[in-house]
Amino acid sequence: MSEMRIVGIRIEQPQNQPVLLLREVDGERYLPIWIGQNEATAIALEQQGVEPARPLTHDLIKNLLDVFGHNLVEVRIVDLQEGTFYADLVFDDGMRVSCRPSDGVAVALRVGAPVFVEEPVLAEAGLVMPDEREDEVEKFKEFLDSVSPDDFKATDG
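Summary of the structure given here.

The rules behind these values
Residues numbered from 1 in each chain as written. Predicted model: local features only at pLDDT ≥ 70, side-chain atom pairs only at ≥ 80, totals over all residues. Heavy atoms only, no water. Buried < 20%, exposed > 50% of the residue type's maximum accessible area, 1.4 Å probe, protein only. Helix = DSSP H or I, 4+ residues; strand = E, 2+ residues; numbered from the N terminus. Arc of directions from axis to C-beta. Contact = heavy atoms within 4.5 Å. Core = buried A, V, L, I, M, F, W, Y, C linked by side-chain atoms within 4.5 Å. Pairing = 2+ DSSP bridges. Axes fitted to C-alpha atoms, helices over the stretch in contact; angles between N-to-C directions. Salt bridge = Lys/Arg side-chain N within 4 Å of Asp/Glu carboxyl O.

1. Considerations on helix α1 (residues 37-47)
Turning to step 1, where the next piece is worked out: Turning to α1, its buried residues number three or more, namely Glu39, Ala40, Ala42 and Ile43. The buried residues of α1 occupy one face: seen down the axis, they fall within an arc of 160°.
Turning to step 2, where the next piece is worked out: Gly49 sits one or two positions beyond α1 and adopts a positive phi of about 75°.

Below, the structure written as structure tokens:
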């Protein structure tokens, strides 16, 4: 299992599809996950330190955890099936709740919890981008020009 750093949200052109980009903390692999616009907005707002006038859904989840005295220990991206990623919220009592990775990341950002990816998922969908000296954003833009969500669908072989 690898701990991931949340690079941020990028927009795939020309479809204007948001992509969540994660990078291994102790490695070179990136993990792109195509997500919905609402989740992309929630992640981007939190990364930019923007506090909405009223709590968004992910803020509400954080508030509920606080009120009920539970801590989110980590988010784990645990599976990839037919191009769809699956994640778990892992709580301090060992309880797990299944979620979309984008929702898990949005909550993790709000509570300061780390994000991990299971090795089989990273081995299948992780990408190494060459020439670490290039600007991270430029590399990702080039990557988006050459990839589609279909590239991450499971194959029979």
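So, next bit.
2. Observations concerning unusual backbone geometry
Residues apart from glycine generally show negative phi values, whereas peptide bonds are mostly found in trans.
Turning to step 1, where the next piece is worked out: With an omega of 5°, the peptide bond running from Gln13 to Pro14 counts as cis.
Turning to step 2, where the next piece is worked out: Residue position: Pro14 is located in the loop between β1 (2-12) and β2 (17-24).
Turning to step 3, where the next piece is worked out: The phi dihedral of Asn16 falls on the positive side, at around 55°, and the residue is not glycine.
Turning to step 4, where the next piece is worked out: You can see Asn16 is positioned in the loop between β1 and β2.
Turning to step 5, where the next piece is worked out: A positive phi angle, near 50°, is found at Glu82, a position not held by glycine.
Turning to step 6, where the next piece is worked out: Following the sequence through the fold, Glu82 ends up in the loop between β4 (72-81) and β5 (84-91).

3. Concerning the environment of Gly27
Turning to step 1, where the next piece is worked out: On the secondary structure map, Gly27 appears in the loop between β2 and β3 (29-34).
Turning to step 2, where the next piece is worked out: The exposure class assigned to Gly27 is partly exposed, which follows from its relative accessible area of 23%.
Turning to step 3, where the next piece is worked out: In sequence terms Gly27 and Glu3 are 24 residues apart; their C-alpha atoms lie 9.2 Å from each other.

4. Some points on the side chain of Asp103
Turning to step 1, where the next piece is worked out: With respect to the helices and strands, the residue Asp103 is situated in helix α3 (residues 101-111).
Turning to step 2, where the next piece is worked out: A relative accessible area of 19% means that Asp103 is categorised as buried.
Turning to step 3, where the next piece is worked out: Filtering out sequence-adjacent residues up to four positions away, Asp103 remains in contact with Glu39 and His58.

5. Description of the nonpolar core
Turning to step 1, where the next piece is worked out: In terms of nonpolar packing, the biggest core is built from 31 residues, with Leu20, Leu22, Leu31 and Ile77 touching the most fellow members.
Turning to step 2, where the next piece is worked out: Excluding anything up to four places from it in sequence, Leu20 contacts Ile6, Gly8, Ile9, Leu31, Pro32, Ile33, Ile35, Ile43, Ser102 and Val105.

6. Remarks on the sheet that holds strand β8 (residues 127-128)
Turning to step 1, where the next piece is worked out: Read across the open sheet, the eight strands follow the order β6-β5-β4-β7-β1-β2-β3-β8; overall the sheet is mixed. Across the chains shown, the open sheet's two edge strands, defined by having one partner strand only, are β6 (96-99) and β8.
Turning to step 2, where the next piece is worked out: Sheet topology note: the β4/strand β7 (residues 115-117) ladder contains three bridges and is parallel. Residue pairing in the sheet places Val75 in a bridge with Val115 of β7.
Turning to step 3, where the next piece is worked out: Across the sheet, α3 is in contact with β1, β2, β3, β4, β5, β6 and β7; its angle to β4 comes to roughly 165°.

7. Thoughts on the pattern of salt bridges
Turning to step 1, where the next piece is worked out: Applying the stated criterion across every chain yields a total of nine salt bridges.
Turning to step 2, where the next piece is worked out: Arg29 serves as the salt-bridge partner of Glu24, at 2.9 Å between the closest nitrogen and oxygen.
Turning to step 3, where the next piece is worked out: Judged by its relative accessible area of 18%, Arg29 is buried.
Turning to step 4, where the next piece is worked out: Between Lys62 and Asp66 there is a salt bridge; the shortest N-O distance is 2.8 Å. Taken together, the residues span about one helical turn, with Lys62 and Asp66 both in helix α2 (residues 57-68) at a distance of four residues.
Turning to step 5, where the next piece is worked out: Of the residues examined, Lys62 reaches a relative accessible area of 26% and is grouped as partly exposed.
Turning to step 6, where the next piece is worked out: The network of salt bridges with common partners includes Glu24, Arg29 and Glu119.

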